[in-house]
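The lines below spell out each chain.
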Amino acid sequence: MTDDDVRVRTDERRRLLNELELERNQLIRNIETCRIRDIERPFIGDWSLKDIVGHVATWEAEFVTAIRELRAGNPSPLKGFNDSHRDQWNQDHVERKRDLNFWSVYEQLRGGRHRLHDELDQLSDEELTADGSEYLAIVRAATEHDREHWHQIAAILAGMAGVRRETPSGTD
């Protein structure tokens with residue numbers, strides 16, 4: 001690998017991790033902008049703000065587990081995830097956190113990001129940024145997941161009925 005290749009990988013890692021943090025910071029800002037009453041009552045569909053925070057925290061834990069498994073030489077548990085069961089899986093995991101108080105769930109969200117960074121710190125620039133890298137796919141999924149949910153929260157805060165959808169060619 002040439003010095004230029006190393007610089008490109010380092011720059012790509014920095015860009016990727018900056019984007020990951022940008023989206024999480026926006027999600028946190030939007031969560032913190034919500035009213036206290038939104039914590040426990042339906043906010044988006046049947047889910048309260050606490051449900052949404054718990055949902056994002058649960059997926060973050062899944063991303064961390066997938067990275068750990070890959071680093072151990074095992075297949076990613078996300079590879080075998082059945083998309084047709086996603087809604088039920090999400091609902092089941094939201095239900096598991098319903099009895100927790102909001103601040104506990106919120107701390108899970110914050111702690112999950114620290115664990116994700118700890119795992120990513122163990123990866124070389126090449127492992128993280130190589131074309132077809134499963135690690136890269138996980139980071140992009142985490143970034144997009146935060147983006148999806150902060151857009152939903154922002155739309156509700158703005159009093160809009162829908163949310164902006166991301167497509168490969170831009171915004172719908």
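Parameters at a glance
Residues numbered from 1 in each chain as written. Predicted model: local features only at pLDDT ≥ 70, side-chain atom pairs only at ≥ 80, totals over all residues. Heavy atoms only, no water. Axes fitted to C-alpha atoms, helices over the stretch in contact; angles between N-to-C directions. Helix = DSSP H or I, 4+ residues; strand = E, 2+ residues; numbered from the N terminus. Parallel < 35°, antiparallel > 145°, perpendicular 65-115°, else oblique. Left-handed = near helix turned anticlockwise from the far one by under 90°. Contact = heavy atoms within 4.5 Å. Buried < 20%, exposed > 50% of the residue type's maximum accessible area, 1.4 Å probe, protein only. Polar contact = N/O pair within 3.5 Å; in protein donor to acceptor, adjacent residues only side chain to side chain. Patch = residues over 30% accessible without salt bridge, like charges linked within 9 Å, V, L, I, M, F, W, Y side chains within 5 Å. Areas by Shrake-Rupley, 256 points an atom, 1.4 Å probe, with all protein chains shown as cover. Salt bridge = Lys/Arg side-chain N within 4 Å of Asp/Glu carboxyl O. Lys, Arg positive; Asp, Glu negative; His and termini not counted. Charge placed at Lys NZ, Arg CZ, Asp CG, Glu CD. pLDDT = per-residue confidence, 0-100. Nonpolar A, V, L, I, M, F, W, Y, C, P; charged D, E, K, R; others polar.

Moving on: the packing of helix α1 (residues 3-33) against helix α6 (residues 134-157). At a closest axis distance of 9 Å, the pairing of α1 and α6 adopts a crossing angle of 30 degrees. Relative to α6, the element α1 is oriented roughly parallel. Crossing hand, α1 versus α6: left-handed. Along the contact surface, α1 presents Glu12, Leu16, Glu19, Leu20, Glu23, Arg24, Gln26, Leu27, Asn30, Ile31 and Thr33, while α6 presents Leu136, Val139, Arg140, Ala142, Thr143, Asp146, Arg147, His149, Trp150, Ile153, Ala154 and Leu157.

In this section: the environment of arginine 113. Mapped onto the secondary structure, arginine 113 falls in helix α4 (residues 102-121). Residue classification places arginine 113 among the buried positions, given a relative accessible area of 5%. Note: C-alpha distance between arginine 113 and arginine 24 (89 residues apart in sequence) is 8.6 Å. Contacts of arginine 113, omitting those with residues within four sequence positions, involve Leu20, Glu21, Arg24, Glu60 and Asp146.

Glancing now at the side chain of arginine 24. Structurally, the position occupied by arginine 24 is in helix α1. Judged by relative accessible area, arginine 24 falls into the buried class, the value being 3%. Within the structure, arginine 24 has its side chain in polar contact with the side chain of aspartate 146 (distance 2.9 Å). Residues contacting arginine 24, with those up to four places away along its chain left out, are Val56, Glu60, Leu109, Arg113 and Asp146.

Along the polypeptide, histidine 145 turns up in helix α6. Ignoring any residue separated from it by four or fewer positions in sequence, one finds histidine 145 in contact with His55, Val56 and Trp59.

On the surface, Asp3, Asp5, Glu126 and Glu127 cluster together into a negatively charged patch. Among the elements of the structure, α1 and α5 (125-129) are those that each provide at least two residues to the negative patch. Note that aspartate 3 resides in helix α1.

The predicted model of the protein chain averages 91 in pLDDT, with 92% of residues at 70 or higher. pLDDT under 50 marks residues 167-172. Its contacts with residues more than four places away, or in other chains, come to 6 contacts.

What follows concerns the packing of α1 against α4. Relative orientation of the contacting elements α1 and α4 amounts to 175 degrees, with a least axis distance of 13 Å. Taken together, the axes of α1 and α4 are roughly antiparallel relative to one another. On α4, the residues that touch Arg13, Leu17, Leu20, Glu21, Arg24, Ile28, Ile31 and Glu32 of α1 are Phe102, Tyr106, Leu109, Arg110, Arg113, Leu116, His117, Leu120 and Asp121. For the contact of α1 with α4, a count of residues per class yields 9 nonpolar, 1 polar and 7 charged.

Taken as a whole, this structure holds 20 salt bridges when the rule is applied. The partner of arginine 15 in a salt bridge is glutamate 12, with the nearest N and O atoms 2.7 Å apart. With a gap of 3 residues between them, arginine 15 and glutamate 12 both fall in helix α1, about one helical turn apart. Judged by relative accessible area, which is 38%, arginine 15 ranks as partly exposed. What makes glutamate 12 partly exposed here is its relative accessible area of 23%. Between arginine 98 and aspartate 51 there is a salt bridge, and its shortest N-O distance comes to 2.7 Å. Of this pair, arginine 98 sits in the loop between α3 (86-97) and α4 while aspartate 51 sits in helix α2 (residues 49-71), placing them 47 residues apart in sequence. Connected through salt bridges with shared partners, the residues Glu12, Arg15, Glu19, Glu23, Glu144 and Arg147 form a single ionic network.

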